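Summary of the model geometry
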Amino acid sequence: MVPKGRPPDSPEASALRGLFPSLGEFAITGEPSAAYNCVAWTLGERRWIEAGKSIAQVDRFYASRAFRIVSAPVPGEQVVAAFATVRRFTHVALQLEDDPDWPDWWESKLGQSWRIVHRLHELEGSRYGTVVRFYAKRRDKP
């Protein structure tokens, strides 16, 4: 069961599975918007933020925001997964808060399209490439 969001309607499911053929169970958490992108979403912002075109540029971008490169998600920390093709950085997804009832659920803002909750590797393919990096930082305390 998807931990949050609403089920997609049939046209939404068809459109997103057309873009991401491996997409299994998922939920919509935000409507289409050109106001912000995936990078902004991982930082909790609602504006368009460019992190760079190469993974080296994205590494520097997240380092400047107190994230460090890790080899795998770190329990209890905020984790961002970066996707890339052979040629360029393409996307980032934010891991849902560490919860034993929600293993491996991530949230993505898909360009100017929807924001969805999905399993991490289900967005891999010709559009976004593969997950090539994880960035982690301690969660801000309330």
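Details of the structure are given in the entry above.
Starting from 1, residues in each chain are numbered consecutively following that chain's sequence as written. Reporting in this predicted model follows two pLDDT cut-offs: at least 70 for local features of residues, and 80 or more for side-chain atom pairs to be given and counted; totals over whole chains, interfaces and linings ignore these cut-offs and use all residues. To obtain the side-chain values, all non-hydrogen atoms of the structure were used and water was disregarded.

With respect to helix H3 (residues 55-63)
Taken as a whole, H3 has its buried residues at Ile-55, Val-58, Asp-59, Phe-61 and Tyr-62. Seen end-on, H3 carries its buried residues on one side only, within an arc spanning 165°. Packed against the buried residues of H3 are helix H2 (38-42), strand E2 (68-70), strand E3 (77-84), strand E4 (89-95) and strand E7 (130-138). Accessible area is worked out with a 1.4 Å probe on protein chains only. A residue is then buried under 20% of its type maximum, exposed over 50%, and partly exposed in between. Counting from the N terminus, the helices are the DSSP runs of H or I reaching at least four residues and the strands are the DSSP runs of E reaching at least two. The arc refers to the directions leading from the helix axis to the C-beta atoms. Contacts between residues were defined by any pair of non-hydrogen atoms, one from each residue, lying within 4.5 Å.

Overview of the pairing of strand E6 (residues 115-119)
Burial of E6 is extensive: 4 of the 5 residues sit out of reach of the surface. The pairing of strand E1 (residues 27-30) with E6 spans 3 bridges and is classified as antiparallel. Each bridged residue has a counterpart across the sheet, and for Ala-27 the counterpart in E6 is Val-117. With 5 bridges joining them, strand E5 (residues 105-109) and E6 adopt antiparallel strand pairing. In the strand pairing of E6, Trp-105 is matched with Arg-119. Two strands qualify as a pair provided that DSSP identifies no fewer than 2 bridges between them.

Examining the packing of aromatic side chains
Two aromatic rings from Phe, Tyr or Trp, using only the six-membered ring of Trp, form a pair when their centres are within 6.5 Å; if the ring planes differ by under 30 degrees the pair is stacked, by over 60 it is edge-to-face, and anything between is tilted. Summed over the entire model, instances satisfying the criterion amount to 7 aromatic pairs. Where Phe-20 meets Tyr-128, the ring centres are 5.2 Å apart and the plane angle is 45°; that geometry is what we call tilted. Taken together, the residues Phe-20 in the loop between helix H1 (10-19) and E1 and Tyr-128 in the loop between E6 and E7 connect sequence positions 108 residues apart. Phe-20 sits in the buried class, given a relative accessible area of 2%. Through successive ring pairs, a cluster of aromatic residues spans Phe-61, Tyr-62, Phe-67 and Tyr-135. For a lysine, the NZ atom is tested; for an arginine, the CZ atom; a charge sits over a ring if that atom is within 6 Å of the ring centre and within 35 degrees of the ring normal. Against the face of Tyr-36 rests Arg-46, its NZ or CZ located 4.6 Å from the ring centre. We note Lys-109 situated over the ring of Tyr-36; from NZ or CZ to the ring centre the distance is 4.9 Å.

What to know about the side chain of Asp-59
Mapped onto the elements, Asp-59 comes out in helix H3. Among the polar contacts listed, one links the side chain of Asp-59 to the side chain of Arg-133, at a separation of 3.0 Å. Excluding residues within four positions of it along the chain, Asp-59 makes contact with Ile-69, Arg-133 and Tyr-135. Counting of polar contacts relies on pairs of N or O atoms within 3.5 Å, with two restrictions inside protein: one atom must be capable of donating a hydrogen and the other of accepting it, and residues adjacent in sequence are counted only when both atoms are side-chain atoms.

A short note on the pattern of salt bridges
One side chain can pair with another of opposite charge once the charged atoms of both are near each other. Any Lys or Arg side-chain nitrogen located within 4 Å of an Asp or Glu carboxyl oxygen qualifies as a salt bridge. Taken as a whole, this structure holds 8 salt bridges when the rule is applied. With its nearest N and O atoms 3.2 Å apart, the salt bridge here joins Lys-4 to Glu-107. Here Glu-107 lies in strand E5 and Lys-4 lies in the segment before H1, a separation of 103 residues in the sequence. Connected via shared salt-bridge partners are Lys-4, Glu-107 and Arg-115.

A short note on H1
When H1 is considered as a whole, its buried residues turn out to be Glu-12, Ala-13 and Leu-16. All buried residues of H1 fall inside an arc of 95° around its axis, so they share one side. In H1, the exposed positions angled more than 90 degrees off the buried face are occupied by Ser-10, Pro-11, Ser-14 and Gly-18. The secondary structure elements touched by the buried residues of H1 are E1 and E6.

Section: the sheet that holds E3
Ordered by their spatial adjacency, 7 strands build an open sheet running E1-E6-E5-E4-E3-E7-E2, and the pairing between neighbours is antiparallel. Two strands lie at the open edges of the sheet, namely E1 and E2, each paired on one side alone. Direction aside, neighbouring strands of the sheet carry axes that sit 35° apart on average. Pairing of E4 with E5, which is carried by 2 bridges, proceeds in the antiparallel orientation. Lines fitted to C-alpha atoms define the axes here, with helix axes fitted over just the stretch in contact, and angles between the N-to-C directions of these axes take values from 0 to 180 degrees.

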